[in-house]
Number of protein chains: 2
Amino acid sequence: MKKNIFVLVIHGGSGTILKENMTPEKEASYLSTLERSLLTGKKILESGGSAVDAVEAAILVMEDSPLFNAGKGSVFTNDGKNEMDASIMDGKTLNAGAVSGVGKIKNPISAALKVMTNSEHVMLSGEGAEKFAELQGCALVDPSYFYTADRFEQLQMAKQSDEVMLDHSGANKKAHGNFENGGNKLGTVGAVALDIHGNLAAATSTGGMTNKRFGRIGDTPIIGAGTYANNKTCAVSCTGHGEYILRNAVAYDVSALMEYKNLSLRDAAELVVNDKLMKQNGEVGLVAVDANGNYTMAFNTPGMYRGIADSQGELKTEIYT
Amino acid sequence: MKKNIFVLVIHGGSGTILKENMTPEKEASYLSTLERSLLTGKKILESGGSAVDAVEAAILVMEDSPLFNAGKGSVFTNDGKNEMDASIMDGKTLNAGAVSGVGKIKNPISAALKVMTNSEHVMLSGEGAEKFAELQGCALVDPSYFYTADRFEQLQMAKQSDEVMLDHSGANKKAHGNFENGGNKLGTVGAVALDIHGNLAAATSTGGMTNKRFGRIGDTPIIGAGTYANNKTCAVSCTGHGEYILRNAVAYDVSALMEYKNLSLRDAAELVVNDKLMKQNGEVGLVAVDANGNYTMAFNTPGMYRGIADSQGELKTEIYT
């Protein structure tokens, strides 16, 4: 374990993000928001703050931006609501917190942090989680706060393609999200950090899938799937097709490959993302940092909004492969 | 992978289950219900049925019994409701299904199975999950169906001890379940099986924690935590203090130790339950079977309701260490 260095790596979601579908203005605003997120987290880390506080702060910037599918700008469910999930884990204590299916908490990541620090539970859901967050002093907002015209339009498009699919698939229609059709609309956000005290943390926040139904929960609020941190190994935050991440316990798997097979962080992440998940056609991306400050940003999709800042002065944001 | 043999291992929850707190009548009814669960699953396995169908059938018997904390007989939340969770995983396909926070589905395990087989999702929650289950033809019941006088009395006791704890802990009261005081009231149920085709499956179902609040979700509906199955390694179903199981991705960890460290099923389970979790004071139990038909029932509590039936003619039910 190295001390007195810090690393912060973030993502704003992976998916079918193609340069030809992007305007220069939109690209610039994604990159500048990622940079703002990095600088906010970096400020905490360089002044000796904790990895936990840094990942929360980095995510708050992305939750507050309408560009990403988390907090403001979250996608809409089939019912026209926003149901958000978030989780956070402290690699020093293995303590963790998560909220799922919340619609009134301005910053779900802060509520997840309160679950971790101020409750004996790991995961709270729905109205119960909102009640807890309110008691803990988290800001609640009217659900209209999360509305953005872009996301609402995506819902209408998803509903239309849904109907088309129904026409073609007959009566045997499955309950599905519009992942296949809407890969470029994903934008789960996440952050991992190593602080100068040698502690790791990971956090992830999402608005889920456009047009989702039936209270679907993806990988984001699941410790071991979307988020995992352990000072012994690494901190990981995932994005992509949640069902695959869940079934493969992706975040914990990266850690297990390091601990049990002595793989490097990079090799472990590559094996999970570009071998295991690739073979299952599971579209995923992740950011990870280990206890020595090595980091990786692995994804098997055309793009992932991402960035890194560290104590060596590196500051970089990227979108495409 | 062995073929033409089958194994079914079940649990009805671990915890502070002490002989001195048990009447002979109660003991006999626990043992006979466990045996009925085993015989129901065994019938499926010996006629060539799948591990998935066998674990569902075994769990249905325990869900329908008021003795266990799952289905009928589930514990009450602080609001006096029943909020149940269940999950199932198919080791052949790595497909999985789960429901969380459901209050009207007669058999949550069957709804979890429908999520696995008839949706593209892994986890559905709350009213959305109930709507999905109804569309899939799962039986819905009035919430009063789940009521048992014993469980309701436990809630009153838990609420009283809650107040006592509040008196002693001042204003800094945490959101907690009554695990510490109610260990002997736990009774999550689970089953794992190897079928004669060499396929593994695992399933778990629970009513959660007495007096739980804020929509708390434990490990039971979490793939990788409470439930995991993979033909390459093993099938695992956990019970105990859910927060510890979640943070340690216990079910997947047993599999990872087998796959990555070549540990035997028994050694992997022992390492997780009696070393890793013990060091964290995490009270847990699990049942597991591997692809060769080896099985284990590991727990670090005074007791675990459990049983095993196999193609060799073994049929055994036990409660204490």
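Since we're looking at a predicted model, the values are computed, not measured.

Rules used in this analysis
- Residue numbers run consecutively from 1 along every chain, following the written order of its sequence.
- Chain A is the first chain written and ligand 1 is the first ligand written, with later ones labelled in order.
- Owing to the predicted nature of the model, reporting of local features is limited to residues with pLDDT of at least 70; listing and counting of side-chain atom pairs is limited to 80 or more, with chain, interface and lining totals taken over all residues.
- As a rule here, side-chain values cover all heavy atoms of the structure and leave hydrogens and water aside.
- The angle between two axes is taken between their N-to-C directions and runs from 0 to 180 degrees, where each axis is a line fitted to C-alpha atoms and a helix contributes only its stretch in contact.
- Helix and strand assignments follow DSSP, with helices taken as H or I runs no shorter than four residues and strands as E runs no shorter than two, numbered in order from the N terminus.
- Here the angle decides the label: under 35 degrees means roughly parallel, over 145 means roughly antiparallel, 65 to 115 means roughly perpendicular, and every other value means oblique.
- Less than a right angle of anticlockwise turn of the near helix away from the far helix marks a crossing as left-handed, whereas a clockwise turn marks it as right-handed.
- In this description, contact between two residues means that some pair of their heavy atoms is separated by no more than 4.5 Å.
- All amino acids are sorted into three groups, where Ala, Val, Leu, Ile, Met, Phe, Trp, Tyr, Cys and Pro are nonpolar, Asp, Glu, Lys and Arg are charged, and the leftover types, Gly among them, are polar.
- In superposing the copies, a least-squares fit is computed on C-alpha atoms, taking residues whose pLDDT is at least 70 in both.
- Exposed residues in this analysis have more than 50% of their type's maximum accessible area, buried residues have under 20%, and partly exposed residues fall in between, with area computed by a 1.4 Å probe over protein chains only.
- Accessible area that two parts lose when put together, evaluated with a 1.4 Å probe and summed over both, is termed the buried area.
- By definition here, a salt bridge exists when the distance from a side-chain nitrogen of Lys or Arg to a carboxyl oxygen of Asp or Glu is within 4 Å.
- Polar contacts here mean pairs of N or O atoms no more than 3.5 Å apart (in protein, one a potential hydrogen donor and the other a potential acceptor; neighbouring residues in sequence count only if both atoms are side-chain atoms).
- Two strands are said to pair when DSSP picks up at least two bridges between them.
- Geometry of aromatic contacts follows a simple scheme: Phe, Tyr and Trp rings, the Trp one being its six-membered ring, pair when their centres are within 6.5 Å, and the pair is stacked under 30 degrees between planes, edge-to-face over 60, tilted otherwise.
- Here, a charge over a ring means that NZ of Lys or CZ of Arg falls within 6 Å of the ring centre while also lying within 35 degrees of the ring normal.
- Confidence of the predictor at the level of single residues is captured by pLDDT, which takes values from 0 to 100.

Student: Before we go on, may I ask you to explain the packing of helix 8 (residues 250-261) of chain A against helix 9 (residues 265-279) of chain A in this structure?
Tutor: The description of two packed helices rests on the angle between their axes and on the distance between the axes. Residue and element names in this part refer to chain A. Packing of helix 8 against helix 9 leaves a shortest axis separation of 8 Å and a crossing angle of 130 degrees. By the angle between their axes, helix 8 is oblique relative to helix 9. The handedness of the crossing between helix 8 and helix 9 is right-handed. Contact residues: helix 8 offers Val-250, Asp-253, Val-254, Leu-257 and Met-258, while helix 9 offers Leu-265, Ala-268, Ala-269, Leu-271, Val-272, Lys-276 and Leu-277. Of the residues that constitute the contact of helix 8 with helix 9, the class distribution is 10 nonpolar, no polar and 2 charged.

Student: Explain the relation of the copies chain B and chain A here, please?
Tutor: One chain copy maps onto the other through a rotation about an axis and a shift parallel to that axis. Superposing chain B onto chain A takes a rotation of 180 degrees plus a shift of 0.0 Å along the axis, which leaves an RMSD of 0.0 Å. Here the transformation between the copies is reduced to the relation of a two-fold axis. Looking at the rotation axis and the C-alpha trace of chain B, the residue lying nearest is Tyr-260 of chain B, at 2.9 Å. When the interface residues of chain B are mapped onto chain A, 100% of them again lie at the interface, so the same face is used by both copies.

Student: Got a minute to help me understand helix 3 (residues 108-118) of chain B in this structure?
Tutor: For the α-helix, the turn length of 3.6 residues means that residues three or four positions removed from each other point alike. Residue and element names in this part refer to chain B. The element helix 3 is extensively covered by neighbouring structure, given that 8 of its 11 residues are classed as buried. Every buried residue of helix 3 is accounted for by Pro-108, Ile-109, Ser-110, Ala-111, Ala-112, Leu-113, Val-115 and Met-116. On its buried face, helix 3 sits against helix 2 (51-64), strand 2 (84-90), strand 3 (96-102), strand 4 (123-125), helix 4 (126-135) and strand 6 (200-206).

Student: Could you clarify how one ought to interpret the environment of Asp-53 of chain B in this entry?
Tutor: With respect to the helices and strands, Asp-53 of chain B occurs in helix 2. In sequence terms Asp-53 of chain B and Thr-220 of chain B are 167 residues apart; their C-alpha atoms lie 19 Å from each other.

Student: Before we go on, may I ask you to explain the interface of chain B and chain A in this structure?
Tutor: In many analyses, interface size is given as the accessible surface area lost on bringing the parts together. With 45 residues of chain B in contact, the opposing surface of chain A contributes 45 residues. Looking at the side of chain B facing chain A, the largest losses of area belong to Phe-214, Arg-247 and Tyr-260 of chain B, adding up to 21% of the total buried there. One can count 0 salt bridges joining chain B with chain A. At the boundary of chain B and chain A, one finds 18 residue pairs in polar contact (both at pLDDT 80 or more). Every element with two or more residues in the side of chain B that touches chain A is listed here: strand 3, helix 3, strand 4, helix 4, strand 7 (216-217), helix 7 (242-247) and helix 8 (250-261) of chain B. Looking at the side of chain B that touches chain A element by element, the count peaks at 6 residues for helix 8 of chain B. Split by residue class, the side of chain B that touches chain A holds 22 nonpolar, 13 polar and 10 charged. Sheet analysis places strand 7 (residues 216-217) of chain A next to strand 4 of chain B, joined by 2 bridges and oriented antiparallel.

Student: Looking at this structure, how should I read the sheet that holds strand 10 (residues 284-290) of chain B?
Tutor: Residue and element names in this part refer to chain B. Here 4 strands make up an open sheet; going across it, the order is 8-9-10-11 and the pairing antiparallel. The sheet is open, and its two edges are formed by strand 8 (227-229) and strand 11 (295-299), each paired on a single side. Averaged over all pairs of adjacent strands, the angle between their axes in this sheet comes to 10 degrees, without regard to strand direction. Across the sheet, helix 8 touches strand 8, strand 9 (234-240) and strand 10, and the angle it forms with strand 9 is around 145 degrees.

Student: Help me out: how do you make sense of the packing of aromatic side chains in this one?
Tutor: For any pair of aromatic rings, the description consists of the separation of the ring centres together with the inter-plane angle of the planes. Residue and element names in this part refer to chain B. One pass over the full model with this rule turns up 19 aromatic pairs over all chains. Judged by centre distance (5.0 Å) and plane angle (90 degrees), the ring pair of Tyr-228 and Tyr-252 falls under edge-to-face. One end of the pair, Tyr-228, is in strand 8; the other, Tyr-252, is in helix 8, with 24 residues separating them in the sequence. Tyr-252 carries the same exposure label as Tyr-228, and that label is buried. Taking the ring centre of Tyr-145 as reference, the NZ or CZ of Lys-72 above it sits at 5.0 Å.

Student: When you look at the pattern of salt bridges in this model, what are you seeing that I'm missing?
Tutor: Close approach of charged atoms allows side chains of opposite charge to pair. Scanning all chains against the criterion turns up 18 salt bridges over all chains. We note a salt bridge from Asp-253 of chain A to Lys-276 of chain A, for which the minimum N-O separation is 2.6 Å. Here Asp-253 of chain A, found in helix 8, pairs with Lys-276 of chain A, found in helix 9; they are 23 residues apart in sequence, far enough to count as distant. The partner of Glu-259 of chain B in a salt bridge is Lys-232 of chain B, with the nearest N and O atoms 3.0 Å apart. Of this pair, Glu-259 of chain B sits in helix 8 while Lys-232 of chain B is found in the loop between strand 8 and strand 9, placing the two residues 27 residues apart along the sequence. For Glu-259 of chain B, a relative accessible area of 21% puts it in the partly exposed group.

Student: Which parts of the structure should I look at to understand the confidence of the model for chain A?
Tutor: Interpretation of the predicted coordinates at a detailed level should be avoided for regions scoring low in pLDDT. Taken residue by residue, chain A gives an average pLDDT of 91. The fraction at 70 or more is 92%. Overall fold confidence (pTM) sits at 0.93, and the ipTM for the predicted complex is 0.92.

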